[in-house]
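Structure at a glance
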Amino acid sequence: MAELTVGDLVVDYGPVRALDGVSMRVPSGAVVAVLGANGAGKTTLLRAVSGTLRFQRGRIARGAVELDGDRLSGLAAAAVVRRGVTHVPEGRRVFARMTVEENLRAGGLGTPRRAAAEARERVRELFPVLAERSRQPAGLLSGGEQQMLAIGRALMAGPSVLLLDEPTLGLAPQMAARIAATIRAINAAGTSVLLVEQNVATALSLASYAYVLEVGGVAMEGPAAELAASDEVRRRYLGVS
Ligand code: ATP
């Protein structure tokens, strides 16, 4: 188990400052949610943590991301995965022409054989439907199944921290509920989760603690139960007047 910390993070896309001094903590074994409107910087935050920011021409101008005190910021994405932090990007991004099995194997590349075999077993238990469809091209799966595959692929590296970007976006309520239950199960098995989620009610039901981002900064933070009960959060994000 491992604690992820983000300290005073400043991220620029050229002249655009997307994050302006964000600090947060994902304690070992926790689910922590990041809420906020479109463009608030949620995706940028996950990309900065996973080392994929450079592919978007983003740059960490200041601050650090650390896992148990070891610096992750500055490492390449593959090195961050080896340290135990994996990212399920928004929009799932499975390899559509590859089979389900090939997608999963790709997630386990670079993972020691025994650990990969254990992870494969865990993914099989979590997502029986992926085993049934293992030889089909991933592009033929439904949106919810592709999300399961994207999560399964990330689990193949045996992460201690999972970064999830909008895992229920665009899914029917029943499928969204299944994904939420899966996130709970993954966490119960010992993986910490940093969850970016449009659906505030879902996010607050999964998380123990949450941060609200606004234009690149933390506007509010607190235990999820307190945020869920806060009039301001209810009015602004839960559509309760
Ligand atoms: P969404 O839910 O829409 O993805 P978000 O909260 O995840 O929103 P980000 O995608 O992190 O927000 O974007 C934060 C800010 O950075 C926005 O102003 C956005 O326009 C800008 N931005 C994001 N990606 C880039 C990029 N590749 N180049 C330039 N600006 C970018």
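Every value quoted in this text rests on a predicted model; they were computed, and no experiment measured them.

The rules behind these values
Residues numbered from 1 in each chain as written. Predicted model: local features only at pLDDT ≥ 70, side-chain atom pairs only at ≥ 80, totals over all residues. Heavy atoms only, no water. Near = heavy atom within 4 Å. Polar contact = N/O pair within 3.5 Å; in protein donor to acceptor, adjacent residues only side chain to side chain. Areas by Shrake-Rupley, 256 points an atom, 1.4 Å probe, with all protein chains shown as cover. Helix = DSSP H or I, 4+ residues; strand = E, 2+ residues; numbered from the N terminus. Nonpolar A, V, L, I, M, F, W, Y, C, P; charged D, E, K, R; others polar. Phe/Tyr/Trp six-rings, centres within 6.5 Å; stacked < 30°, edge-to-face > 60°. Lys NZ or Arg CZ within 6 Å of the ring centre and 35° of its normal. Pairing = 2+ DSSP bridges. Contact = heavy atoms within 4.5 Å. Axes fitted to C-alpha atoms, helices over the stretch in contact; angles between N-to-C directions. Buried < 20%, exposed > 50% of the residue type's maximum accessible area, 1.4 Å probe, protein only. Parallel < 35°, antiparallel > 145°, perpendicular 65-115°, else oblique. Left-handed = near helix turned anticlockwise from the far one by under 90°. Core = buried A, V, L, I, M, F, W, Y, C linked by side-chain atoms within 4.5 Å. pLDDT = per-residue confidence, 0-100.

**Things to note about the site of the ligand**
- The full set close to the ligand counts 14 residues, and Gly-39, Gly-41, Lys-42, Thr-43 and Thr-44 are the nearest of them.
- Between the ligand and Ala-40 there is a distance of 3.0 Å, counted from an oxygen atom to a backbone nitrogen or oxygen.
- Relative to its unbound accessible surface of 620 Å², the ligand loses 65% to contact with the protein.
- Top contributing element to the shell around the ligand by residue count: helix α1 (residues 42-50), with three residues.
- Residue composition of the shell around the ligand, grouped by class: four nonpolar, seven polar and three charged.

**Considerations on the packing of aromatic side chains**
- Counted under the stated rule, the structure contains one aromatic pair.
- Positioned over the ring face of Phe-95 is Arg-153, at 4.8 Å from the centre of the ring.

**Considerations on the sheet that holds strand β4 (residues 58-67)**
- Strand order in this open sheet of four strands is β2-β1-β4-β5, and the pairing throughout is antiparallel. At either end of the open sheet lies a strand with only one pairing partner, and these are β2 (16-26) and β5 (70-71).
- Pairing of β4 with β5 involves two bridges; the strand directions are antiparallel. Across the sheet, the residue bridging to Leu-67 is Asp-70, located in β5.
- Here α1 sits on the sheet in contact with β1 (4-13), β2 and β4, set at roughly 110° to β1.

**Brief notes about the side chain of Thr-168**
- Looking at the element boundaries, Thr-168 is found in the loop between β7 (161-165) and α7 (173-188).
- Thr-168 gets classed as buried once you look at its relative accessible area, which sits at 8%.
- Every residue in contact with Thr-168, bar those within four places of it in the chain, is listed here: Ala-176, Ile-179, Glu-197 and Asn-199.

**Overview of the packing of helix α6 (residues 143-155) against α7**
- The contact between α6 and α7 brings their axes to 10 Å, and the two run at 15°. Viewed along their axes, α6 and α7 adopt a mutual orientation that is roughly parallel. The interaxial crossing formed by α6 with α7 has right-handed handedness. Residue-level inspection shows Gly-144, Glu-145, Gln-147, Met-148, Ile-151 and Leu-155 of α6 in contact with α7, the latter providing Met-175, Arg-178, Ile-179 and Ile-186.
- Partitioning the contact of α6 with α7 into residue classes produces six nonpolar, two polar and two charged.

**Structural notes on the environment of Ala-203**
- With respect to the helices and strands, Ala-203 occurs in helix α8 (residues 200-206).
- Ala-203 sits in the buried class, given a relative accessible area of 0%.
- Between the alpha carbons of Ala-203 and Glu-166 there is a distance of 9.7 Å; along the sequence they are 37 residues apart.
- Among residues more than four places away in sequence, those in contact with Ala-203 are Ala-33, Leu-35, Leu-195 and Glu-197.

**Some thoughts on the nonpolar core**
- By size, the foremost hydrophobic cluster in this structure holds 43 residues, and its most contacted members are Leu-130, Leu-149, Ile-151, Leu-162, Leu-164 and Leu-204.
- When neighbours within four sequence positions are excluded, Leu-204 is seen to be in contact with Leu-35, Ala-210, Ala-224, Leu-227, Ala-228 and Val-233.

**Re the confidence of the model for the protein chain**
- Here the protein chain averages 92 in pLDDT, and 98% of its residues register 70 or above.
- Model confidence for the complex: the whole-complex pTM is 0.94, and ipTM, which rates the interface, is 0.91.

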